[in-house]
Amino acid sequence: MPKLRLPKATLALPAWVWLLAFFAAPVGLIIWYSFGYKPSIFGTHANDILSLDRYAEALSPTFFSTFSNTLWVGVVGTLACLIIGMPVAYWMAVKVPVAKRGLLIAAIMIPFWTNFLVRTIGWQIILAPQGWLSQGLQAVGILDGPLEILYSRSAVLIGVIYNYLPLMILPLFVAFDRVGEPLREASKDLGAGRLQTFLRVTIPLARPGIIAGLLLVYIPLMGDYITATVLGGAKGNMAGQLVAAQFQSAQNWALGSAMAVILILTILLSAAVLGLIIWLATLPFRSHYRLRLGAEA
Amino acid sequence: MSETATKRIALDRSSREGAPQGTPSAARAKPRRSVSDRLFAIWGILVLLFLFAPIIVILVYSFNTGRLLIAFDGFGIDPFLTILNKPAIQNAVWVSIRSGVLSALFATSIGTLAGVAMARRPGKWVGWFLAVLVLVTVTPEIVDAVSLLPWVVFLGQDLGITIFNDGIFRLVVGNSLFSIAVVSYIVRARLVGISESLEEASADLYAPPLRTFWRITLPLAMPAVLAGGLLSFTLSLDNTIISSFVSVSGTTPWPVYVLSAVRSGLRPEIASVSTLMLIVTLLSLVLVAWVLKRSGDSATEIARTMAGS
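None of the values given here were measured: they were computed from a predicted structure. Every chain begins its residue count from 1, and numbering advances along the sequence as written. Chains carry letters and ligands carry numbers; both start at the beginning, A for chains and 1 for ligands, and go up in the order they are written. Restriction of local features to residues with pLDDT of at least 70 applies here, the model being predicted, together with a cutoff of 80 or more for giving and counting side-chain atom pairs; totals for whole chains, interfaces and linings are based on all residues. With hydrogens and water stripped out, all remaining heavy atoms of the structure feed into the side-chain values.

A. Molecular detail of the pattern of salt bridges. The term salt bridge refers to a pairing of a side-chain nitrogen on Lys or Arg with a carboxyl oxygen on Asp or Glu at a separation within 4 Å. Under the criterion given, the structure shown has six salt bridges over all chains. Between Glu57 of chain A and Arg54 of chain A there is a salt bridge, and its shortest N-O distance comes to 3.0 Å. Of this pair, Glu57 of chain A and Arg54 of chain A are both found in helix α2 (residues 53-58), three residues apart, which corresponds to roughly one turn of the helix. With its nearest N and O atoms 2.9 Å apart, the salt bridge here joins Arg120 of chain B to Glu199 of chain B. Taken together, the positions of Arg120 of chain B in helix α5 (residues 87-120) and Glu199 of chain B in helix α9 (residues 197-204) put the pair 79 residues apart, joining distant regions of the chain. For the pair Arg120 of chain B and Glu199 of chain B, one class covers both residues: buried. The network of salt bridges with shared partners includes Lys86, Arg267 and Glu269 of chain B. Put simply, DSSP H or I for four residues or longer makes a helix, DSSP E for two residues or longer makes a strand, and each gets a number counted from the N terminus. Burial status follows relative accessibility: with a 1.4 Å probe on protein chains alone, a residue under 20% of its type maximum counts as buried, one over 50% as exposed, and anything between as partly exposed.

Written out as structure tokens, the structure reads:
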């Protein structure tokens with residue numbers, strides 16, 4: 001019988017075409033727009049004269065302060081997620097009985113799959129000056145006046161830590177789980193204390209999960225504009241809002257495009273720098289002998 | 001049975017249940033729960049409370065009879081009844097569900113094909129394709145959003161391809177990108193773990209490639225396909241940023257409606273609809289977990305599948 005041998009990637013062809021048409025092409029288009037300018041009050045973009053002026057405009061002091069603000073929230077938020085999430089993931093993977101893990105994972109995932117915007121509105125209610133948290137803290141005597149945290153950078157920080165924490169806990173959990181009891185026991189049998197086992201066995205083996213968690217949190221966090229819109233007010237602006245405003249209200253697509261390109265570059269560059277810092281910081285704990293867990297999928 | 005044997009079984013069981021101390025001697029020497037274990041448990045529960053706090057607040061406030069969401073007035077089901085008189089809200093939810101279902105069907109179909117191709121036709125192209133998928137996943141949503149808006153306007157108005165002026169179609173395009181990536185990852189991960197021998201046997205027994213695909217490959221991949229489909233549905237329901245850019249007036253999806261309400265003033269109905277939608281999302285997640293569990297995945301694997309890693 002005639003054997004129909006299709007070229008290797010045929011089944012992936014629809015996905016290739018679709019992603020090129022609606023991911024690569026549009027991103028290419030805004031890169032092109034970013035070299036143009038806004039021709040008139042009613043025009044959104046023009047490309048007959050090409051220049052890098054929009055990039056210079058995007059990096060002017062007012063915009064630059066928002067970008068550095070975003071970077072601050074991004075870095076602090078990501079590290080806070082790591083510090084808060086790591087003990088939780090370790091607890092779930094090592095301390096909790098296997099039978100109860102499924103329930104805990106579900107508990108971590110439920111907020112993750114609740115509407116992002118609605119969860120953030122929940123925080124708006126909690127942090128409101130007249131809200132129950134504010135009243136409770138005043139009743140206990142921790143606060144003298146109403147809670148003045150809403151519509152500030154701190155509120156945005158709480159919001160992003162909350163929104164992205166599950167994205168940190170899950171990959172960390174998977175990583176810690178894969179290290180497994182036998183290796184930890186072997187380490188202890190060979191005379192290592194708990195802290196030493198954690199630093200020299202668990203952490204190095206869980207590194208891929210830690211890196212995945214950091215990236216999964218950092219990248220969407222840097223581009224977030226919903227959390228800042230709901231909780232940030234005028235003081236807690238993030239770069240995503242600036243980009244959005246150029247497209248939605250200012251109708252300056254050229255400038256907005258340049259900002260979007262700068263945002264992507266900032267994310268990639270800062271992620272690389274962050275990675276380098278973490279790599280340098282973990283050098284002392286690195287062993288000469290590399291142990292690899294069985295590679296799956 | 002000797003005493004030591006019984007003790008060993010007991011120790012075995014305790015270590016299988018995840019008893020903290022590794023070596024038997026440590027387990028005997030120390031109390032079963034050390035201080036650090038308690039601290040871990042306390043921290044874990046505090047974080048869970050933190051994760052649930054705003055959701056509980058929304059659940060409670062969805063019964064707020066006051067005029068504004070943020071000021072709790074009294075407890076009642078009035079806001080749920082108000083939904084019945086608000087066609088704008090009903091329309092928004094309906095648009096979300098329709099575009100969610102369509103995006104899920106679409107993304108699952110072409111994502112599954114791509115996942116199967118990656119697992120069964122490995123080669124250099126897989127590296128390139130995965131690189132594109134990674135790019136799609138790591139590009140901030142706001143960048144996708146601002147780049148899709150001029151693109152669909154260009155295709156729909158400048159080139160005159162009228163389907164790009166259709167609200168639902170635009171939403172499906174916007175929702176599909178991330179979903180395709182997620183489905184492809186999940187399907188590939190599942191099939192890579194299963195040997196190709198069944199498909200080879202099917203081909204040896206003279207089944208044409210298409211039949212082998214329908215009768216062997218697809219059923220093998222089915223748990224991943226279903227999980228991917230339901231994940232794309234929930235992702236699409238949640239999609240706010242891209243939707244708010246590409247949506248056309250008249251086909252406003254639910255999250256975009258809420259986002260505009262954030263600016264103009266939130267009313268308790270918003271929380272009530274969210275409560276109802278939370279129930280729908282939870283039911284679909286339970287369904288995913290159940291399907292995965294039936295196909296024999298452990299809790300960890302379910303978490304991995306659902307986290308898309």
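B. Spotlight on the interface of chain A and chain B. Residue-level contacts link 87 residues of chain A with 95 residues of chain B. The contact between chain A and chain B buries some 8200 Å² in all, and 78% of this surface belongs to carbon and sulfur atoms. At the surface where chain A touches chain B, the tally comes to one salt bridge. Pairing of N or O atoms within 3.5 Å defines a polar contact, subject to two protein rules: one partner must be a possible hydrogen donor and the other a possible acceptor, and residues neighboring in sequence count only if both atoms are side-chain atoms. Joining chain A to chain B, the criterion identifies seven residue pairs in polar contact (both at pLDDT 80 or more). Per-element accounting of the side of chain A that touches chain B gives the leading share, 14 residues, to helix α1 (residues 13-33) of chain A. In this classification, the charged set is Asp, Glu, Lys and Arg, the nonpolar set is Ala, Val, Leu, Ile, Met, Phe, Trp, Tyr, Cys and Pro, and all remaining amino acids, among them Gly, are polar. Grouping the constituent residues of the side of chain A that touches chain B by class yields 67 nonpolar, nine polar and eleven charged. Residues count as neighbours in contact if any of their non-hydrogen atoms are within 4.5 Å of one another. Joining two parts hides part of their accessible area as seen by a 1.4 Å probe, and the buried area is that hidden amount summed over both.

C. Examining a nonpolar patch on the surface more closely. Residues and elements named next belong to chain B. Judged by side-chain polarity, Val35, Leu39, Ile42, Trp43, Ile45, Leu46 and Leu49 come together as a nonpolar surface patch covering roughly 710 Å² of accessible area. Following the sequence through the fold, Ile42 ends up in helix α3 (residues 35-61). Using a relative accessible area of 49% as the deciding quantity, one classes Ile42 as partly exposed. Exposure above 30% relative accessible area and the absence of a salt bridge qualify a residue for a patch, where like charges join within 9 Å and nonpolar side chains (Val, Leu, Ile, Met, Phe, Trp, Tyr) within 5 Å. The accessible surface values rely on the Shrake-Rupley method and a 1.4 Å probe; as for residues, cover is taken only from the protein chains in view.

D. Here's a closer look at empty space enclosed by the protein. Here the term cavity refers to a set of points on a 1 Å grid, laid over the protein atoms alone, in which a 1.4 Å probe fits but cannot get out; the term pocket refers to an open set having protein on both sides within 12 Å along at least five of seven lines, with lining residues being those that place an atom within 4 Å of a point. Grid points are joined across faces, edges and corners, and a volume is the space filled by probe spheres set on the points. Applying the stated criterion to the full structure yields three cavities of 30 Å³ or more. Estimated volume of the second largest cavity: approximately 60 Å³. For the second largest cavity, the full set of lining residues is Thr114, Val118 and Arg119 of chain A together with Ile55, Ile58, Leu59, Ser274, Thr275 and Leu278 of chain B. Of all elements in the fold, only α5 (116-127) of chain A together with α3 and α13 (268-294) of chain B reach the threshold of two or more residues within the lining of the second largest cavity.

E. Fine view of unusual backbone geometry. Not every positive phi belongs to a glycine, and Tyr151 of chain A is a case in point at roughly 60 degrees. For Tyr151 of chain A, the location among the structural elements is in the loop between α6 (132-140) and α7 (153-179). The phi dihedral of Tyr206 of chain B is positive, around 70 degrees, even though this residue is not glycine. Residue classification places Tyr206 of chain B among the exposed positions, given a relative accessible area of 67%.

By themselves, these figures tell us nothing about what the structure is for.
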